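# Per-entry structural report
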Amino acid sequence: LPVVRDCNVTLRWLVLHRTAAAKLPRQIILPAAAQADILRLLLQTAELEYTLKEMFHGLLASKKHRWEEAKAEGAAKLRSVSEYFSGEAVLGSERREEQLETYFAQTADAIEELDAGDSTLAGRKISSLATALEEVEQYQQVYDNLQVRQFLLDTRALLRRMLRFVNIKEQVPITIATVGDLSYAWEIILSFLPDMQRRIQENPALVVQLRSTFLKLATMLELPLTRIAQAQSPDLASVSQYYSEALVQFVRQVLAIIPRSMFEQLQQIIQINTDQLKECPTRIDRAALQEHAQLPVRLRLAAATQAVAKFTDGILAMEKTLMGVIQIDPHKMLEDGIRKELVAQIAR
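A brief report on the enclosed structure follows. Just so it is clear, the model here is predicted, and its values are computed rather than measured.

Attention shifts here to the overall build of the protein chain. Helices and strands together make up the secondary structure of the protein chain, namely 16 helices and two strands. Taking 20 Å as the expected radius of gyration for a compact globule of 348 residues, we find that the protein chain reaches 31 Å, considerably beyond that expectation. Buried residues in the protein chain amount to 39% of all 348 residues. Sequence-distant contacts, at least 24 apart, represent 75% of the contacts inside the protein chain between residues at least 6 apart. In the form shown here, the protein chain has an accessible surface area of approximately 20,800 Å², with 54% of it arising from carbon and sulfur atoms. Charged side chains in the protein chain number 41 positive and 43 negative. The centres of these two groups are separated by 8 Å.

Quick look at the structure:
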C-alpha cells in the first residue's frame, strides 16, 4: 500500500503541475518529466493496483479456510508436544513433566478458541501466544530436545501466518481504489491518446496491460457518482450512462489503432505478394535454388504476418471489462473496428 500511495501521489503531482496555470511550475516540470515517462508510470501503477486487488480478493475468498487450517495444525502440534511430556507417547519423555504437559495442552486449547471475527482481539492473543512459546523454549527440558523445539518453531510460524490472515480486511481493496482515484485527470487523459496508440503499435501485447489502465480510468466515476447516490438524486442513472459512454469512447479511440495497423500490415503483405514475391517455376535448377527462394522477401512477409497476428492476439487476450455501467467486449470492439477500417479502405 505505501508503494501504491507513493506512485499515485507522484502521478497526481506530475500530471497536475504539467497543466498548471502558473508558468513557473510548467517550466520546471515539462523538461524534467516527459509525457511518455508519465504514461509509463500510469500504466505500471494501474498494473500494480490491479494485481494487488486481485490478490486481496483471492485472499479474502480463502481467508476463513486458511485460518482454520493453520489453527488446527498449530493446535495439533502443541498437543503432540503435550503428549511427549506426558511420558505416554511411544517416543515420549522418559520422565513425565506434568507442568509442561498441562501448559502445552492449555495453549493448544487457547489456539483452538481463537476467533477471527474480532481481528484486534485475535491479533493480541496470537502475539501473546507466540511470545509465550518463545519464552518456554528457555526451559532446560524443552531446550535440550530438538524435536520439541522444531514443533514450537513450526507453531510460531503458523501463528504468524494466522496473524497475517486475520489482518486481511475488506477495507484494503476499498483503500486501494480511494488512493488510486484518477478523477482529477478527466480532461488531461485525452492528451495521452497519441502516446498510448504509439505504444500499442510498437508493442501489441501492451493491450493486455492497458486493461488495468482502463479499469483505473473507471475510478473517475466512483467519487462523483457516490456523492450523487448519497444525495439520492434521480439523475444517478443518466449521469452514470453519460460518463460511462464517454469512457468507452476513449477506450475505442485508443484501440482504434489496432485495426488501422492491421490494415497497414495487410497492405504490405498484399504488396509483397503481388510486386516482390516471384512465382516459383515447377522445375528449378540447383544453382538457381537460392535465387528462387527469395529469403529476404519471405522474411518481410513472415514479419508482416506475425505483426497482424500480434495485434489480434493482444486485443483478444483482453477480458470483458466494466467501464462504469457499460461492459466492454474486446471481441465485438475488434470486429467493429475492422468493419469501420474496411469501409474507410473501400472509400479511398
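Along the chain, L52 falls in helix α3 (residues 35-86). Along the chain, L52 and V172 lie 120 residues apart, while their C-alpha atoms are 9.4 Å from each other. Dropping the residues within four chain positions of it, L52 is found in contact with V4 and I176.

A few words on empty space enclosed by the protein. Taken as a whole, this structure holds one cavity of 30 Å³ or more when the rule is applied. Approximately 40 Å³ is the volume attributed to the largest cavity. In terms of lining, the largest cavity is formed by L11, V15, I38, L42, L182, Y184, A185, I189 and F192. At the level of elements, α1 (2-18) and α3 are the ones that each hand at least two residues to the lining of the largest cavity. The class makeup of the residues in the lining of the largest cavity is nine nonpolar, no polar and no charged.

Attention now goes to the pattern of salt bridges. One pass over the full model with this rule turns up seven salt bridges. For E68, the salt bridge goes to K71, with nearest N and O atoms at 3.6 Å. With E68 and K71 both in helix α3 and three residues apart, this pair spans about one turn of that helix. Classification of E68 as partly exposed rests on a relative accessible area of 37%. Judged by relative accessible area, which is 11%, K71 ranks as buried. The residue R198 makes a salt bridge to D195 at a minimum N-O spacing of 3.5 Å. Of this pair, R198 and D195 both sit in helix α9 (residues 193-202), three residues apart, roughly one helical turn. For R198, a relative accessible area of 32% gives the class partly exposed. A network of salt bridges, in which partner residues are shared, links R79, D109 and E112.

Here we come to the packing of α1 against helix α2 (residues 23-32). Where α1 contacts α2, the two axes come as close as 8 Å, and the packing angle between them is 120°. When the axes of α1 and α2 are compared, the pair comes out oblique. In the crossing of α1 with α2, the sense of the turn from one axis to the other is left-handed. Of the residues in α2, those in contact with W13, L14, H17 and R18 of α1 are P25, R26, I29 and L30. Class assignment of the residues belonging to the contact of α1 with α2 gives a composition of five nonpolar, one polar and two charged.

Calculation rules
- Numbering of residues begins from 1 in every chain and follows the order in which that chain's sequence is written.
- Given that this is a predicted model, residues contribute local features only at a pLDDT of at least 70 and side-chain atom pairs are listed and counted only at 80 or more, while totals for whole chains, interfaces and linings are drawn from all residues.
- Side-chain figures throughout are based on the complete set of non-hydrogen atoms in the structure, without hydrogens or water.
- We count a stretch as a helix when DSSP gives it H or I for four or more residues in a row; a strand needs E for two or more, and each element gets its number in order from the N terminus.
- We take the radius of gyration over the C-alpha atoms and set the globule estimate at 2.2 Å times the residue count to the 0.38 power.
- Each residue is assigned to one of three classes by its accessible area relative to the maximum for its type, calculated with a 1.4 Å probe on protein chains only: buried under 20%, partly exposed between the two thresholds, exposed over 50%.
- Any pair of residues with heavy atoms lying within 4.5 Å of one another is described as a contacting pair.
- Here, Shrake-Rupley sampling with a 1.4 Å probe gives the accessible areas, and only protein chains in the shown set may cover a residue.
- Note on charges: Lys and Arg go in the positive column, Asp and Glu in the negative column, and His and the chain ends are not counted at all.
- A charge is said to be at NZ when it belongs to Lys, at CZ for Arg, at CG for Asp and at CD for Glu.
- Put plainly, a pocket is an open set of points on a 1 Å grid over the protein atoms alone with protein on both sides within 12 Å along at least five of seven lines, a cavity is a set where a 1.4 Å probe fits but cannot get out, and a lining residue has an atom within 4 Å of a point.
- Grid points are joined across faces, edges and corners, and a volume is the space filled by probe spheres set on the points.
- For this scheme, ten residues count as nonpolar: Ala, Val, Leu, Ile, Met, Phe, Trp, Tyr, Cys and Pro. Four count as charged, namely Asp, Glu, Lys and Arg, and the remainder, Gly too, count as polar.
- The term salt bridge refers to a side-chain nitrogen of Lys or Arg lying within 4 Å of a carboxyl oxygen of Asp or Glu.
- Interaxial angle, 0 to 180 degrees, is taken between N-to-C directions of lines fitted to C-alpha atoms, where a helix line uses only the stretch in contact.
- By the definition adopted for this analysis, an angle is roughly parallel if under 35 degrees, roughly antiparallel if over 145, roughly perpendicular if from 65 to 115, and oblique otherwise.
- With the far helix as reference, a near helix turned anticlockwise by less than a right angle produces a left-handed crossing, and one turned clockwise produces a right-handed crossing.

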